[in-house]
Amino acid sequence: MGSHIDANGDTASLKKRKRGPKDEASPLIKRHQSKSLSKHSTNGVPEEDRKANGTPTRRSKVIVLDTDGDVELADSGPVGELVVRKAHATWKLSNPMGGRMLDIDPMFSADERYLVLTYNTSLQVYTTEDSLLVRRIPLPVTRSGDGDFIVSAALSKISPEHVWVGCNDGRVWRINWTTGAGAETPYEINKYVLDMDIQSMEYGDVTKDVLLVLQTSESTPATIVAYDEEDLSKGEGTLLHTFEEKPNLLRSAANGKVVVATSGSTFHVGILKHKKKGVDSPELEYRFYSIGVPDLAASLDIRTTLKTTKKGATELQQVDVVIGGARGGIYLYSDIAAKLTPEGHGAVKAASIQPRKYHWHRKAVHSVKWSADGNYLISGGYEQVLVLWQVDTSKVNFLPHLSGCIENIVVSSQGSSYAIHLDDNSTMIISTEEMKPTTYISGIQSLILGDHPSKDAMVRRVWKPTDEISQPLVTAINPANPSQMFLCVGNGQQATLGGGGPSTPQVQVFDTSSFRGVTKHVFARTNPTDANITNHGAPIVEPTVTKLAFSGDGKWLASVDEWQPPRADTEVFITGKKTAEEVRRERREIYLKFWEVSADGSAVELVTRIEEAHHTKQQETILGLASDPTSARFATIGEDGVVRTWTSKFRKRDGIAVTGQDGQQLRAWTCSQTISLPVSGQQDLTIGLSERPPRSGALAFSEDGSIIFAAFGEPSEAVVVAIDTETGAIRDTIYNMFRGDVRSIKSLGSCLIMLSEDLTVYDVVSDELLYSFSLKETSRPAKRLAQLAVNYESRSFAVAAPVPNEDLKLMRKGTQSELLVFSIEDSEPQLVHTFSNLITAVYPAISSSGFVVVDAAAQLWSVAEGAEQPPMLRPLAELGVGDAADTDKQPGSMDLALGDADASDDEMQDGDQDVEMDVDDDYDVHQAVVAPERLTEIFNTAPSFAMPPIEDIFYQVAGLYAPKPVRT
Amino acid sequence: MAAQVLPLPQLKLPMGPSPVTPEQRYWKSFRSQKSHTSTAAWPISHISFPATAGATSSSSLVAAAKVNDLFAVTSGPRVDIFSIRKRELLKTIGRFDSEAHSGEIRADGRVLVAGEDSGKMQVFDVGGGTRAVILKTWHIHKQPVWATKWSPTELTTLMSASDDKTVRLWDLPSNNPSLTFTGHSDYVRSGAFMPGGNSNILVTGSYDETVRVWDARASSSSVLTFKHADPIEDVLPLPSGTTILAASGSAISVLDLVAAKPLRLITNHQKTVTTLSLASNGRRVISGSLDGHVKVFETSGWNVVSSSKYPSPILSLSVIAAGATQEDRHLAVGMQSGVLSLRTRLSGAAANKARERAAEEAARDIGTEALERLDAQKAKRKRRELTSKAMDLLGESVDAAIPAGASRTPGARGSKRAVKLKPWQRDFREGRYASALDRVLDPSSNDFHSQTVLTLLVALRHRSALRDALKDRDEVTVLPILKWVRKHLPSTRFSSICIDVAFHLLDLYSEYVGGSTVLASQFRMLYGRVKLEVEKSQMAIMTGGMVESLMVGGAE
C-alpha cells in the first residue's frame, strides 16, 4: 500500500519537473516584475531595495525572517542545489479512526448493554449506557484494492461474545468482540457471498453454530450452503438448495427450522425436514417452496412461534414472513408453513397464498421488522420516518423527522428498545415505550463512496443519486478548541447526493478527541420536517456550503453557501440563445455568512448575511475564503475578479450601539476593502460574458496577516497578486505560476505554495522558484479533489491528489489517493503514502505539527511528525476502563478482558472495585472515563524540576478518577 | 430526535433604507395629543417644570406630592399652571404689566418666578387660592428680563438674565441682587445654573453671539467665553456638568467646559433653533426650531434618532418627566401660533387601560359578535388571574385550584405546545401548493401581505414546486397572481421571483389568451409594465454611462 519515490523523484500522483540549475531564462519562471515587495516580513523591516536594475537578482545570501523574529542566514543557492537536511523528523501515519456504518443490522449484546456496529473497515463496540466507544476491531477488508466489502455480520448463537462477519469475497471471520481476537484469521469459502445468517443447530448432543451462506460464483448458480466451524476450515459445507436466479437476502429462524431467501419478486421458504431424535447425522434437509411476491423484495423478516411436542422437542407452530417491497409496499404472509403442502415440493402457485399489504412508504422499504410480541411491524425508508404498523388493524403510528433515511431497524431481544441505523452515519437506540432516544452514536457524516447502491435503486426512478464525489469535503477546525472539527454535511448520504451537486446545508461539529458528533448546525436552508421529495418524485436540492473558515481567535466563523435551481425547473426560462446553464447561473443564490461561535463551540449564531458579496450583473461564485491568522478578518475572492476583506464592527443605529438581549453590544460584518484584480486577457466584464472561459482563483493571508496573496485568472493565465492589507494597494504581481485552473494558494514564511496542475513552491522574498511538480492526473474531477494544506508549526505542507487510473473517469469507488508531506525547504517529500480510498479532505492539525486526513470511507487519519500524536480518541478498552462499567456481580456476566492495560491501570481499577463495595448503589455509572489528554495536561505542564508539589498532582489525578461525592 | 414542525420562516430581506428604529418607535409612542390654545393666541414662549433635586427634602408630604404635578407655560402676559397628571389647566397668573417671560416653578412646587418686558421680576405663590399672591417684586433690571431660573441646590437663590446685558444672582429675602455679572455686550436671552454640585457656576447665552460661563466666587468677569456665529437663543447644560449645548442660529454647538473648546456643531435644523430640553434622564436632547421640527439627539455622537414636524414655528418645548423613575411622560411643544401641544406616553397600567379601551371601541364598531368575543376573552383572563391568586394563597400544598364557575381548568399552560400552523402553511407543508398560494393571495385573509406571498413563492421555487402551484388554474384563479406580479415587478426585491412566475404563467396560459378577454387584457397590462421597466433601465444605463465617462475624464 505504501508507495515510494522512484529514481526521478516521481510519486504515484506527482511528477517532478526537471530544470537545470541556474535556469534563469526558463519559460516557467519568466516573469514580468515591475516592482518588488517593499515589505513582507513580520516585524516590518523593509527589504532593502532590490530593484536597482529592474530585474530580480539572485543573491547567494538571503536574510530569511522567521515569524518569530529570529534572523538567520540561509543559504538559498540556486534551485537544484538545495542542501537536503537529512536529519528531518520522520512522519508517521496513525491508524484510521471512524468509518461508515454499513447497511447491516446493529447487534445487541445478550444483556443489551453493548451494541456492536459493523463499519466498512471495522467492528465497533459501544456501550448502550453512555454511547461510548469501547473497542474498535479493525478488519482487513480490503485485500488488493478491489471492491471487497462486508455483506453480513451476526452474533453467534452459542457463544454470545463472538460475531460472525462475512465478506463478499468469501472470507468469514469469527471475532470475539470482547477481546478483538480473530480478526487476523478468516475462514475462506472461495465463493462470492451474497448473504449470510447464523443459527445454532443440534448435532446430536452438541449445539453448534451453523452458518447459512447464500453463495455464488461465476460458473455455478446461487446456492444456500450450511457450514459449521469444521466445514469452514475445510471450505466445504452442506448444500441446502440451488437457485436458478440470484437471490439477495437470506434469513433464517427457529434454530434453522425455517430458511427464507428472496430473489427479485420471488421468495423461497425452506422448512427443515423432521429428523429422528438422536440421529446425530449432520445432514440437513430442507423442503423448499417458491412463492411470488407482487414487488421486488428489499427487506425481509421472519417471526416464528414454537410449540413443544410431547416428546420434549420443539417444533414449528406458525411462521410469519414479512417482506418490504422496493416500491413501498409491505407484504405479510402469515402462518405460511401451514399453507404449504408438504407434498408440493417446489413452486407453489402464487394465487394460493395471498399476502396482506400495507402501503405507506413512497420508496423502497429499507427495513421491516416484527415487534417482540408480534402485534406490530416497524418499518423505515427514504422518508426519514419510522412507521409502526398495528398488524391486525393496519393502523399506523409515526416517528417522523429523523435526521436521515432509515437503513436498519433492530428490535432488541427483550423488545424494550429499537436500534435504528440512519444513513447519516448514526445509530440510535430508542425505547419502545416513550420513543425517546437512550443512546446515540454518530460518526463522521461526510460523503462516502458506497459499496453497493441503495435499495431505492432497485426500481428505475425519476432520478438516481450520483455515486461520485465531485468536491472535496469542506472542513474547518475550531482554533479555540482544536479537537472540534466542523464538517459540511447534508441530511444523510442519499439526500446529500440527491440532485446534481451535493446538498450540504448543515455543519456537523465532530469532536475528534471523544470521536463522536457533538452537534449539527444548520448553515443554509433545510427543511427536515417537510417531505424530502417533490410531487414529481425528484429530490429537493438544498444549498451547498462551499467554504468555511474560522477567524484566528475561533470566535467567528465565515461560510459560503450556494444554491441553484435544478435543471428541470429552469427549462421554461430558456429564451433566445441562452443555455440551460446560463439560466441556472442567473438564478443562483450565493450567501456569505458570518457566525459567532460560543466559547465552547456548541452554539453558533448568525450575525451577518451578505447576499451579493461578489456580483457583476448576476451573482458570482466566491472562489476563495481566507481568514487572517492574526486578527478577526476574512477575505474573499470572487469570479468577478475582486478581492474583498471583511471586518466586524459594532452595530450602530443612528449612532446608538445596538445591544442584544443581555445588553451585550452586537457586531456586524461589513466589507472593509475592495480590491479589483488586474485581469489578464479580456478586461471588460460586460462584453462577451457568455463566451468568457471560467476563471479560477484562490487567496491566502500571509502568516503575519500583512499581505493577501490572491491568484486569479483564466486557465493558465492566472496571476498572483500581493495585496497590502493595510492600504489595499497591490504591491506585486507574479505571472506564469499556474497551469490550468488555480486550485489553491498558501503562504508559509516567505514562500508561496501554489497548486494548479502544477505544484509550485516560490520564494517571494528572494523571488525564485524553489521547486515544482506537476500532477499526473489532470482530468477535471481529479483536479477538483487535489488539495493543499499548510502547517505553520512544522513548516510543512501536505498535498493530496487522486492517483491516476484509466478505468475511472469519475471519482468513484476504487479511486486511490496519494498524500505527500513536504517540508518547505526540501523538495523531497518527507512522507508519501497511497490511501486505498479517495482523500476528501486534508487539513493541518491545530497546535500540533501534523495533518489530518479524511477519506471517502469516512475515516480519519492523523499524520504527525515524530512521536507526537494529536489527541484523538482511543476506545475505552485501550484506556483500560472498558470493564469499569462491567460491575455486575453475576458470575456468568462477560468480562471484557483488557488488551493493553498496564499495571497502574489495574491498580486503579482495584481501587474502583473497593469503592464499589462500599457504595454498592448506582453501579451502572462509569466510574472513570478519563481521556488521555487530561492526564497529559496534568503531567506535561512543566519539566520535571518545575512540577507542582506531588500532593497537588495527586489531588488532580484523584479528581479525575474519583467518582463525584454522593449527595446524601 | 424528531424535529419539531415549525412554520415556514418569513423571508429575511436586506434592510431597506429606513427601517423604523426602536428609538423612533419610542418617540412615536408619545401619542394622545392634546392641544391647548392660549388666550388671544399669544405665542407660547416658555414651558418649564420643576426639576427634582435632592436638596428639597425639607418640604412637607403634601408639597412632595405636589412636586411633580405642576408645570408652567408662559404665553403673552400670562403664566398658565398645568397639572402633569391630568394635563389640565389649574390656574392662570395674569398679574403682569407687559409680556411675561420664563415662568419657572421652584423645585418644591410652591413658588414661581417670572420676568417681564418691563424689567420687573415677580415671585408668586402657586399654592392655595385661584388668585396667585405676589410674594416678591424686584424692579432692578431696566430692560426686559428674559430668563429667570431657580438654583437647583438652594431654594432661595435664583438667577436672571436681561436685555440690559447683565446677569444677576438673587437671594429671595433681599431686595437687591446678591451678584451682578457684566460682560455681555448685547441682550442676554438665556441662562442656566450648572447642574451637579457646582451650582455657583452659571452659563448664559447672549445676542452678542457668545456663551459665557460665570463663577459666583469670581464675580468680576466671565470665566469662559465661547464665541459663535449667531445670536444664542438657548443654553442647556448636560447633567454631566462638563458639557453645554448652545443654540446659535440654526446650529447647536456642543461645548466642553473641561477642555474649554467646542466639541461639535450640530446642523440638522434649517431655521433658528429656539429651544433645547433634556429627555430620558439626560440621555437624549430634544430641540425645537422655527422650521417647525422637533429633533431628538442621542448624547454620545449627537446623531438625530427621531424627528417630528409641527405645523407652526416652535418657540418652546419640554419633555416633562414624572414618576419615581422620572420617565418621560409628556412632550410639550409651544408654538408661535399660540398652540400648546401635549403628547403623552402612557406606561404600565395606564397604557394597558388605554389599550383595552381602544380594543373595546374597535369591537363596538365591528359589531356585537366581536364585543362578545372580547368579553369572553376578558372573562378568561380574569379567571386565570383568579386561579393564580388562589394558587399564591394556597402555597405549594395543592397542584391546581379550580376557580368557581370555571367550566374547565386552564391547566397545562406551561407545557410546550406545538406551534400552530396557519392554513396556508399547512397547505404548503402538505403539498397543496396551489391552495397555499390562493390563500396568501386572498385579499380578505389575515395573511395577505406582499412579503408573505414572496416568502411562499421563494419557498416554492426552492422546492421545485412553483409550476405545480401555478398550473391548472382557470380564468378566475389565475388573475390574482397576474395582478400581484404586475404590481410587484418594479420592486427590486420582488422582481426576480416575479420574472420567474411571469415566465411560467406565459408558458402555461398563453394558448388561452385568445379565448379570454380578461386574461388578454391582464397580459397586455403586464407587457406595458415590463416595457416601462425596460425604459427605466435603459435610462439608468445611459445615466450610468454618462457618469462613467465623467469619472474617467475626472481621473485624467
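Since this is a predicted model, take the numbers as computed values, not measurements.

1. Looking at the UniProt feature "repeat: WD" (unreviewed entry) in chain B
UniProt marks residues 138-180, 181-224 and 266-307 of chain B with the feature "repeat: WD" (unreviewed entry), using the numbering shown here. Strand forms 57% of residues 266-307 of chain B and helix 0%; the C-alpha atoms that close the span are 14 Å apart.

2. Some words on the sheet that holds strand β24 (residues 293-298) of chain B
Note: strands within a sheet are paired through backbone hydrogen bonds, in either parallel or antiparallel orientation. Residue and element names in this part refer to chain B. The four strands are arranged β22-β23-β24-β25 in an open sheet whose pairing can be described as antiparallel. Because the sheet does not close on itself, it has two edges, and the strands there are β22 (273-279) and β25 (304-309). Here the strands of the sheet are splayed against their neighbours by 20 degrees on average, with no regard to which way each runs.

3. Re the pattern of salt bridges
Side-chain pairing between opposite charges can occur once the charged atoms of the two side chains come close. A full pass over the atoms with the stated rule returns 42 salt bridges over all chains. Across the salt bridge formed by Arg 461 of chain B and Asp 500 of chain B, the nearest N and O atoms sit 2.7 Å from each other. Placement of Arg 461 of chain B in helix α7 (residues 450-462) and of Asp 500 of chain B in helix α10 (residues 492-509) is noted, with a sequence separation of 39 residues between them. Exposure remark for Arg 461 of chain B: the relative accessible area of 12% places this residue in the buried category. Each member of the salt-bridge network shares a partner with another, and the members are Lys 578, Glu 586, Arg 587 and Glu 589 of chain A together with Arg 461 and Asp 500 of chain B.

4. Some thoughts on the packing of aromatic side chains
Using the criterion set out here, one finds 34 aromatic pairs over all chains in the structure. Residues Phe 71 of chain B and Phe 82 of chain B carry aromatic rings whose centres are separated by 5.3 Å and whose planes lie at 15 degrees to one another, so their mutual orientation is stacked. Of the two residues, Phe 71 of chain B is situated in strand β3 (residues 70-75) and Phe 82 of chain B in strand β4 (residues 78-83); the sequence distance between them amounts to eleven residues. The exposure classification of Phe 71 of chain B matches that of Phe 82 of chain B, with both residues buried. Through successive ring pairs, a cluster of aromatic residues spans Trp 556, Phe 594, Phe 634, Trp 646 and Trp 669 of chain A.

5. Let's talk about the pairing of strand β58 (residues 796-802) of chain A
Residues and elements named next belong to chain A. Among the seven residues in β58, seven count as buried, and that is most of the element. Of the two faces of β58, the one carrying Ser 796, Ala 798, Ala 800 and Pro 802 and the one carrying Phe 797, Val 799 and Ala 801 are both buried. Across five bridges, strand β57 (residues 787-791) lies against β58 in antiparallel orientation. Bridged to Gln 787 within β58 is Ala 800. Adjacent in sequence and paired antiparallel, β57 and β58 are bridged by four residues, among which Arg 795 carries a positive phi angle near 50 degrees. When β58 meets strand β59 (residues 817-823), the two strands line up antiparallel, connected through seven bridges. Directly across from Ala 798, in β59, lies its bridge partner Val 821.

6. What about helix α6 (residues 433-441) of chain B?
Given 3.6 residues per helical turn, the α-helix brings residues three or four places apart onto the same face. All names here are of chain B. By the burial criterion, the buried members of α6 are Tyr 433, Ala 436, Leu 437, Val 440 and Leu 441. In an axial view of α6, the angular spread of the buried residues amounts to 125 degrees, which keeps them on one side of the axis. The secondary structure elements touched by the buried residues of α6 are α5 (423-429), α7, α8 (466-470) and α9 (475-488).

7. Digging into the packing of α7 of chain B against α10 of chain B
For any two helices packed against each other, one specifies the inter-axial angle together with the distance between the axes. Residue and element names in this part refer to chain B. Remark: α7 packs on α10, axes separated minimally by 10 Å, with the N-to-C direction vectors making an angle of 55 degrees. As far as their axial angle goes, α10 and α7 are oblique. Like other packed secondary-structure pairs, α7 and α10 cross with a definite hand, here left-handed. Judged by residue contacts, Ser 450, Leu 454, Leu 457, Val 458 and Arg 461 of α7 engage Arg 493, Phe 494, Ser 496, Ile 497, Asp 500 and Val 501 from α10. Looking at the contact of α7 with α10 residue by residue, the class counts come to six nonpolar, two polar and three charged.

8. Describing the environment of Thr 546 of chain A
Residue and element names in this part refer to chain A. Relative to the helices and strands, Thr 546 resides in strand β39 (residues 544-550). According to the relative accessible area criterion, Thr 546 is buried, its value standing at 18%. Each C-alpha atom, one on Thr 546 and one on Val 474, is 6.5 Å from the other, the two residues being 72 residues apart in sequence. With sequence-adjacent residues up to four places away left out, Thr 546 is seen in contact with Val 474, Val 560, Asp 561 and Glu 562.

What counts and how
- Residues numbered from 1 in each chain as written.
- Chains lettered and ligands numbered in written order.
- Predicted model: local features only at pLDDT ≥ 70, side-chain atom pairs only at ≥ 80, totals over all residues.
- Heavy atoms only, no water.
- UniProt positions renumbered as here; feature names shortened; annotations may be inferred.
- Helix = DSSP H or I, 4+ residues; strand = E, 2+ residues; numbered from the N terminus.
- Pairing = 2+ DSSP bridges.
- Axes fitted to C-alpha atoms, helices over the stretch in contact; angles between N-to-C directions.
- Salt bridge = Lys/Arg side-chain N within 4 Å of Asp/Glu carboxyl O.
- Buried < 20%, exposed > 50% of the residue type's maximum accessible area, 1.4 Å probe, protein only.
- Phe/Tyr/Trp six-rings, centres within 6.5 Å; stacked < 30°, edge-to-face > 60°.
- Arc of directions from axis to C-beta.
- Contact = heavy atoms within 4.5 Å.
- Parallel < 35°, antiparallel > 145°, perpendicular 65-115°, else oblique.
- Left-handed = near helix turned anticlockwise from the far one by under 90°.
- Nonpolar A, V, L, I, M, F, W, Y, C, P; charged D, E, K, R; others polar.

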